[in-house]
Amino acid sequence: MKYELSYEEIHKMIKNKEKIKFIDMRSPREFNENKIPGAINLPILDDEERKIVGTTYVKESVKKAKYLGINFAKDKLPAFYEKVIELTEKNDHVIIYCSRGGYRSNVFFTFLRALNVNVKKLIGGYKAYRKYINENLDNLIAQKNFVVLCGKTGVGKTEILKILSSNFPVLNLEKLASHRGSIFGGIGLNNQPSQKYFESLLFEALDNEKKIFFTEGESAKIGNIQLPKILIEKISSGKKIIIEDKIENRIARIKRDYNLSNKDEIYKALIEIKKFISAKKENIYLEKFYEGDYDFLIRDLLLNYYDPNYKKNYSKEDLHLTNDSAVIKNILNFKNSI
């Protein structure tokens, strides 16, 4: 049995539905920035320890840096060992990695293998995984086709995707990017992932045998996340369904879905949008904000800011649907006719 695997070999195991758990041995800061989706963090060196070891390596000696590293790691090993045993009982494969498959993962991997624990190591570490994603993401996207929900802000495209996702393949880009795509799109959501981690999540979302996905029409960027060029092209050429709804329903939906209690975030967004509106309109918006008149704010922003900027790249083949009780049935009928 091989205990050191390339990510290409691991990916074949994933495609075969084998249950895999990754253990990331890097520092918490590295892990929080970028990781393999689903990995857990068992940092052999924490952020401060990694800094000390790195400084010692550069300014003093390799020997002393290794000694410090081992000294920092030794007290963690018993608890880490217990966690790994627990994971091996629940998974087909437990795979350890660090940044490049070097010192940090080797220390723990060697320790575990000496105790006959059934763990494996990712050759080349996170760098090798990232290289695999870089080399294969565009090709994966190219194999997929999209039914694209379009429509003005607040018509309910995201809620429709959520309903569809229970039985059909859906690519919810706003969920992956933790942003709704507009200046107000981050209100009430977690911080956005890094670009690299978004691409990992995107790869994972598309990495199956399904060929047709439902998704939402998006611009080239969602907040700070840049969509791959080929994905923009595939969505642009996809079959489109235009969702429509009354302004009252759109306002109610936005009030429901956005965290309007987070006044700091709303204020920051209003300040950000002022570069696109007149000084008079800015004063009105701020006045309504302080009064808590969100119905006025949302209505005016929809009718006088978002709707006029909505790009209507429709064709005769596009289907227009009202977001009512029959919308899911009508969407599926359209998809089945393709």
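Refer to the structure printed above.
None of the values given here were measured: they were computed from a predicted structure. In this convention, every chain numbers its residues from 1, walking through the sequence in written order. This being a predicted model, a pLDDT of at least 70 is required before a residue's local features are given, and a value of 80 or more before pairs of side-chain atoms are given or counted; all residues contribute to the totals for chains, interfaces and linings. Water and hydrogen atoms were dropped before computing side-chain values, which therefore reflect all heavy atoms in the structure.

What about the overall build of the chain?
Stated precisely, the cut-off is as follows: The helix and strand labels rest on DSSP assignments: H or I over at least four residues marks a helix, E over at least two residues marks a strand, and numbering proceeds from the N terminus. Each residue gets one of three labels from its accessible area relative to the maximum for its type: buried under 20%, exposed over 50%, partly exposed in between, using a 1.4 Å probe on protein chains only. By definition, residues are in contact when any of their heavy atoms lie within 4.5 Å. Per-residue and other accessible areas follow the Shrake-Rupley method at a 1.4 Å probe size, with only the shown protein chains counted as cover for residues. The convention is simple: Lys and Arg are positive, Asp and Glu are negative, and His and the chain ends are not counted. In this description, the location of a charge corresponds to atom NZ of lysine, CZ of arginine, CG of aspartate or CD of glutamate.
Looking only at helices and strands, the chain features 16 helices and 12 strands. A total of 338 residues make up the chain; the buried ones form 45% of that total. For the chain, the share of sequence-separated contacts (at least 6 apart) that also reach a separation of at least 24 residues comes to 73%. Accessible area of the chain: about 18300 Å², with a carbon and sulfur share of 50%. The distance from the centre of the 59 positive side-chain charges to the centre of the 45 negative ones in the chain is 3 Å.

Quick notes on the sheet that holds strand E2 (residues 20-24)
Quick note on the threshold: Strands qualify as paired when DSSP identifies two bridges or more between them.
Across the sheet, which stays open at both edges, the five strands sit in the order E1-E5-E4-E2-E3 with parallel pairing between neighbours. Each end of this open sheet is capped by a strand with a single partner; those strands are strand E1 (4-5) and strand E3 (40-41). Where E2 lies against E3, two bridges are found, and the strand directions are parallel. Each residue of the ladder has a partner; that of Ile 23, found in E3, is Ile 40.

Section: helix H8 (residues 157-164)
The following threshold applies: The reported arc concerns the directions from the helix axis to the C-beta atoms and nothing else.
When we look at burial in H8, the residues that qualify are Lys 157, Ile 160, Leu 161 and Leu 164. Seen end-on, H8 carries its buried residues on one side only, within an arc spanning 100°.

Here's the deal with helix H1 (residues 7-15)
Looking only at H1, the buried set comprises Tyr 7, Ile 10, His 11 and Met 13. Projected onto a plane normal to the axis of H1, the buried residues spread over an arc of 155° and lie on a single side. Lining the buried residues of H1 we find E1, E2, strand E4 (93-97), strand E5 (120-122), helix H7 (125-142) and helix H10 (195-206). Just downstream of H1, Lys 17 is the residue with a positive phi angle, here 70°.

Notes on the environment of Phe 22
Position of Phe 22 among the secondary structure elements: in strand E2. Of the residues examined, Phe 22 reaches a relative accessible area of 5% and is grouped as buried. Phe 22 sits 207 residues away from Lys 229 along the chain, and the two C-alpha atoms are 30 Å apart. For Phe 22, the contacting residues outside a window of four places in its chain are Tyr 7, Ile 10, Ile 36, Ala 39, Ile 40, Ile 95 and Tyr 97.

Digging into the environment of Ile 23
Checked against the element boundaries, Ile 23 lands in strand E2. For Ile 23, a relative accessible area of 0% gives the class buried. Not counting the four nearest positions on each side in its chain, Ile 23 is found in contact with Ile 40, Leu 42, Val 84, Leu 87, Val 94, Ile 95, Ile 96 and Tyr 97.

Describing the nonpolar core
To keep it simple, the criterion reads: Nonpolar cores were defined as sets of buried Ala, Val, Leu, Ile, Met, Phe, Trp, Tyr and Cys residues, with membership established by side-chain atoms within 4.5 Å.
Residues Phe 22, Leu 171, Leu 173, Leu 202 and Leu 231 are the most contacted members of the largest nonpolar core, which totals 39 residues. Elements represented by at least two residues in this core include exactly H1, E2, E4, H7, strand E6 (145-150), helix H9 (173-177), H10 and helix H11 (229-236). No other element matches H7, which puts seven residues into this core. Ile 187, Ile 254, Tyr 285 and Ile 298 belong to the second-largest nonpolar core, a separate cluster that totals 22 residues.

Quick notes on the pairing of E6
With five of its six residues buried, E6 lies for the most part within the structure. Looking at chain direction, E6 and strand E8 (residues 212-216) are connected through five bridges and run parallel. Residue pairing across strands places Leu 149 opposite Glu 216, the latter belonging to E8. Note: E6 against strand E11 (residues 239-244), four bridges, orientation parallel. Along E11, the bridge assignment pairs Cys 150 with Ile 242.

Brief notes about the environment of Glu 204
If you trace the backbone, Glu 204 turns up in helix H10. Residues Glu 204 and Ile 36 lie 168 residues apart in sequence; the distance between their C-alpha atoms is 9.8 Å.

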